[in-house]
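Residue-level structure breakdown
In case you want the letters, here they are:
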Amino acid sequence: MNPLGWVEGTLIAPLRRIGAVGIFLVQLLMQAGPALARPRLVVQQVYNAGARSLIIIMLCGLFVGMVLGLQGFDLLQRFGSEDALGVAAALGLLKELGPVVAALLFAGRAGTSLTSEIGLMRATDQLTAMAMMAVDPLRHVVAPRFLGGVIALPLLVAVFNLIGLFGAQLVGVQLMGVDTGAFWSQMQAAVELSDVMEGVIKSVVFGVACSLVAVYEGYHAAPTAEGVGLATTRTVVTSSVLILLLDYILTAAFLGN
Amino acid sequence: MVRVTDLHYGVGERRIFSGLDIEVPKGSITAFMGPSGTGKTTLLRLITGQVEPVSGSIEVFGEAVVGMRKAGIFALRRRMGMLFQNGALLTDLSVFENVAFPLREHTDLPEPLVRQLVLTKLHAVGLRGAASLMPGELSGGMARRVALARAIVMDPELLIYDEPFVGLDPISMGVIVRLIRQMNEALGITSIVVSHDVDELSLIAHRSYLISEGRVVASGSPEELRNSPQEVVRQFIGGHPDGPVPFHYPAPDYFDELLGRGKP
């Protein structure tokens, strides 16, 4: 085995890649102002990434909430504290499940769509044609999609949480017989603004991570059918790992505070 | 209008150009011809500043492209139009919006004027009636004509056509040939046409460059090229499968390989 080759492949290549993504992020942020100056493009992308993911987010939010209601009830009734189900469900959804599951779904639904769309634009010379018309594809194509994703995910997480709470209530209160008043009042008393903010910050960070990975992979996809397919796969894998890693780091940071 | 001097370019170990010299006079139609894989499209990418050469100089509109910053290159590109092999229309925009795209990006013209300009250019390529169609609804020839309308909507001084005749039926090909000539004669646009369709080029090109193995092997008017005694030119013009440009990609001896003595 060539030791230099090993160092290059194992250490330097990933660092180079992280550096390239960092530079790409800076380039995107530099284009964010001009892109926001023409909000029509960004709004269109919020619709594409957000509104078009609503059904899957709502459906999964409902099921996650229902499971949370069921498992929470089973656990809490062992200690005779099933009235705290509302608090457990709310904290579980707001701080963890909402941002993480919604972000994973977002990576699979909107992230892949962004990567394949930009990758195909590259493969069919649309990005080159744009650059040849003296229009920067980063400003016109990539930055609006990135911003659209960053704006859409926190909104999707909010919807996910609301529907999830409804699902938990549906199972806990309607099915298992937890007192309605206790469910909502304990939640109201125990959930702090800082709990909500933790979820909001996570959803924004995940939104940046997912959207950045998706547009980076699409923009740098090899201009072939195989290249676009591989880039799409990389988007899902990288985003998923990144979401879970960032979730741990953020949770540790919040608990540390 | 375009001057390429002693151009050297390569990708990795592979040398694509080694000492290329080309001049495109203002108001002319100049053809770059050559066998597939000689780097004709790469030459266009170099001229338009999409890639940097290893050495040599490229001047467009009298300005050096090599080493120019992005803003400068974009300023140059505003003065040129490019027709891609596949049209490269933006698939999420209608035909009308595709042609209007450069106007909306670079000007603040009022909507009625944008509409008038777009319809004029679409009329010039015979596709005013297709303004509301989406790119997916167009045939290959129609897509290329829409792309041509888009390329001329900003009234460029230089128009670059990358393989404009590939995969077209004879009628569409005739239409494109006529349009290229019209753009040149009516609007005075300098044109560069990259192609290996000798017959079509001979109808429109004032001057042709035959590129092979990284350099210009012959240049002149279509008539001069037809009468050239050079073997490589005769092979290319005559369409002979073998000659100075080999039919076979470099490979070990055929029989040795069949008998398992060569490399697999």
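Residues numbered from 1 in each chain as written. Chains lettered and ligands numbered in written order. Predicted model: local features only at pLDDT ≥ 70, side-chain atom pairs only at ≥ 80, totals over all residues. Heavy atoms only, no water.

So, on to the nonpolar core. Residue and element names in this part refer to chain B. Membership of the largest hydrophobic core comes to 50 residues, with the highest contact counts inside it found for L122 and F165. The residues that make up this core include at least three from each of domain 1 (2-79 + 157-258) and domain 2 (87-155). Once residues within four sequence positions are removed from consideration, F165 is found in contact with R144, M173, I176, V177, I180, V193, S195, D197, E200, L201 and I204. (Core = buried A, V, L, I, M, F, W, Y, C linked by side-chain atoms within 4.5 Å. Buried < 20%, exposed > 50% of the residue type's maximum accessible area, 1.4 Å probe, protein only. Domains from an automatic or database assignment. Contact = heavy atoms within 4.5 Å.)

A word on the packing of helix α1 (residues 3-36) of chain A against helix α8 (residues 193-219) of chain A. Residue and element names in this part refer to chain A. At a minimum axis separation of 11 Å, α1 and α8 run at an interaxial angle of 100°. Comparing their axes, α8 and α1 come out roughly perpendicular. Here R17, A20, V21, F24, L25 and L28 of α1 lie close against α8, whose contacting residues are L212, V215, Y216, E217 and Y219. Within the contact of α1 with α8, the residues separate by chemical class into nine nonpolar, no polar and two charged. (Axes fitted to C-alpha atoms, helices over the stretch in contact; angles between N-to-C directions. Helix = DSSP H or I, 4+ residues; strand = E, 2+ residues; numbered from the N terminus. Parallel < 35°, antiparallel > 145°, perpendicular 65-115°, else oblique. Nonpolar A, V, L, I, M, F, W, Y, C, P; charged D, E, K, R; others polar.)

On to the packing of aromatic side chains. Tallied over the entire structure, the rule returns five aromatic pairs over all chains. With centroids separated by 5.0 Å and ring planes inclined at 80°, the aromatic side chains of A:F183 and A:W184 adopt a geometry described as edge-to-face. Centre to centre, the rings of B:Y254 and B:F255 are 5.7 Å apart; their planes meet at 45°, and the pair counts as tilted. Each member of the pair, B:Y254 as well as B:F255, carries the same accessibility label: exposed. Through a chain of ring-to-ring contacts, three or more aromatic side chains come together here, namely A:F24, A:Y216 and A:Y219. Sitting over the ring of A:Y219, A:R122 keeps its end group 4.7 Å from the ring centre. Directly above the aromatic system of B:F61 lies the positively charged group of B:R79, at a separation of 4.1 Å from the ring centroid. (Phe/Tyr/Trp six-rings, centres within 6.5 Å; stacked < 30°, edge-to-face > 60°. Lys NZ or Arg CZ within 6 Å of the ring centre and 35° of its normal.)

Let's shift gears to a nonpolar patch on the surface. Together, A:L193, A:V196, A:M197, A:V200, A:I201 and A:V204 give the surface a local cluster of nonpolar side chains, amounting to about 460 Å² of exposed area. Residue A:V200 is classed as partly exposed on the basis of its relative accessible area, which comes to 34%. (Patch = residues over 30% accessible without salt bridge, like charges linked within 9 Å, V, L, I, M, F, W, Y side chains within 5 Å. Areas by Shrake-Rupley, 256 points an atom, 1.4 Å probe, with all protein chains shown as cover. Salt bridge = Lys/Arg side-chain N within 4 Å of Asp/Glu carboxyl O.)

What follows concerns the state of the cysteines. Tallying each qualifying case throughout the model produces zero disulfides over all chains. Not part of a disulfide, A:C210 finds its nearest cysteine sulfur in A:C60, a span of 15 Å. (Disulfide = S-S within 2.5 Å.)

Moving on, we come to the interface of chain A and chain B. Residue-level contacts link 16 residues of chain A with 20 residues of chain B. Taking both partners together, chain A and chain B bury about 1,600 Å²; carbon and sulfur atoms supply 62% of that area. Run the count over chain A and chain B and you get three salt bridges. Residue B:E105 pairs with A:R139 through a salt bridge whose shortest N-O separation is 3.8 Å. Elements represented by at least two residues in the side of chain A that touches chain B include exactly α5 (126-132) and α6 (137-175) of chain A. (Buried area = accessible area lost by both parts, 1.4 Å probe.)

Another point: the domain arrangement of chain B. All names here are of chain B. Per the domain assignment, the segments of chain B are domain 1 (2-79 + 157-258) and domain 2 (87-155). Relative to domain 2, the C-alpha centre of domain 1 lies at a distance of 26 Å. Between domain 1 and domain 2, the contact holds 15 residues from the first and 11 residues from the second. Here domain 1 packs against domain 2, burying approximately 1,000 Å² in sum over the two surfaces, 70% of which is carbon and sulfur. Among the residues domain 1 hides against domain 2, the three largest losses belong to R78, L179 and M183. Together they make up 39% of the total.

All right, on to the sheet that holds strand β10 (residues 215-220) of chain B then. Residues and elements named next belong to chain B. Ordered by their spatial adjacency, six strands build an open sheet running β6-β7-β8-β3-β9-β10, and the pairing between neighbours is mixed. Edge strands, defined here as strands with exactly one partner in the open sheet, are β6 (80-83) and β10. Each strand of the sheet is rotated relative to its neighbour by a mean of 15°, with strand direction disregarded. Note: β6 against strand β7 (residues 158-162), four bridges, orientation parallel. (Pairing = 2+ DSSP bridges.)

What follows is about the pattern of salt bridges. Residues and elements named next belong to chain B. Applying the stated criterion to the full structure yields 18 salt bridges over all chains. A salt bridge links R79 to E157; the shortest N-O distance between them is 2.9 Å. You can see R79 sitting in the loop between α2 (70-77) and β6 and its partner E157 sitting in the loop between α5 (140-152) and β7, a full 78 residues away along the chain. Residue classification places E157 among the partly exposed positions, given a relative accessible area of 34%. Between E97 and R104 there is a salt bridge; the shortest N-O distance is 2.9 Å.

Residue and element names in this part refer to chain B. Spatially, four strands are ordered β2-β1-β4-β5 in an open sheet, and the strand pairing comes out antiparallel. Because the sheet does not close on itself, it has two edges, and the strands there are β2 (14-24) and β5 (63-64). Bridging between strand β1 (residues 2-11) and strand β4 (residues 55-60) involves five bridges; their strand directions are antiparallel. Its bridge partner lying in β4, T5 is registered against S57. Set on the sheet, helix α1 (residues 40-47) makes contact with β1, β2 and β4; between it and β1 the angle comes to about 115°.

Residues and elements named next belong to chain A. Running from amino to carboxyl end, helix α4 (residues 85-123) crosses α6 at an angle of 145°, the nearest separation of the two axes being 7 Å. As α4 packs across α6, the resulting crossing turns out to be right-handed. Tallied by class, residues from the contact of α4 with α6 come to 23 nonpolar, five polar and two charged. (Left-handed = near helix turned anticlockwise from the far one by under 90°.)

Time to look at the side chain of B:E105. Along the chain, B:E105 falls in helix α3 (residues 95-106). Overall, the relative accessible area of 14% leaves B:E105 in the buried class. At 2.9 Å, the side chain of B:E105 forms a polar contact with the side chain of A:R38. Of note is the side chain of B:E105, whose polar atom sits 3.1 Å from the side chain of A:H140. Residue contacts for B:E105: discarding those within four places in its chain leaves A:R38, A:V135, A:R139 and A:H140. (Polar contact = N/O pair within 3.5 Å; in protein donor to acceptor, adjacent residues only side chain to side chain.)

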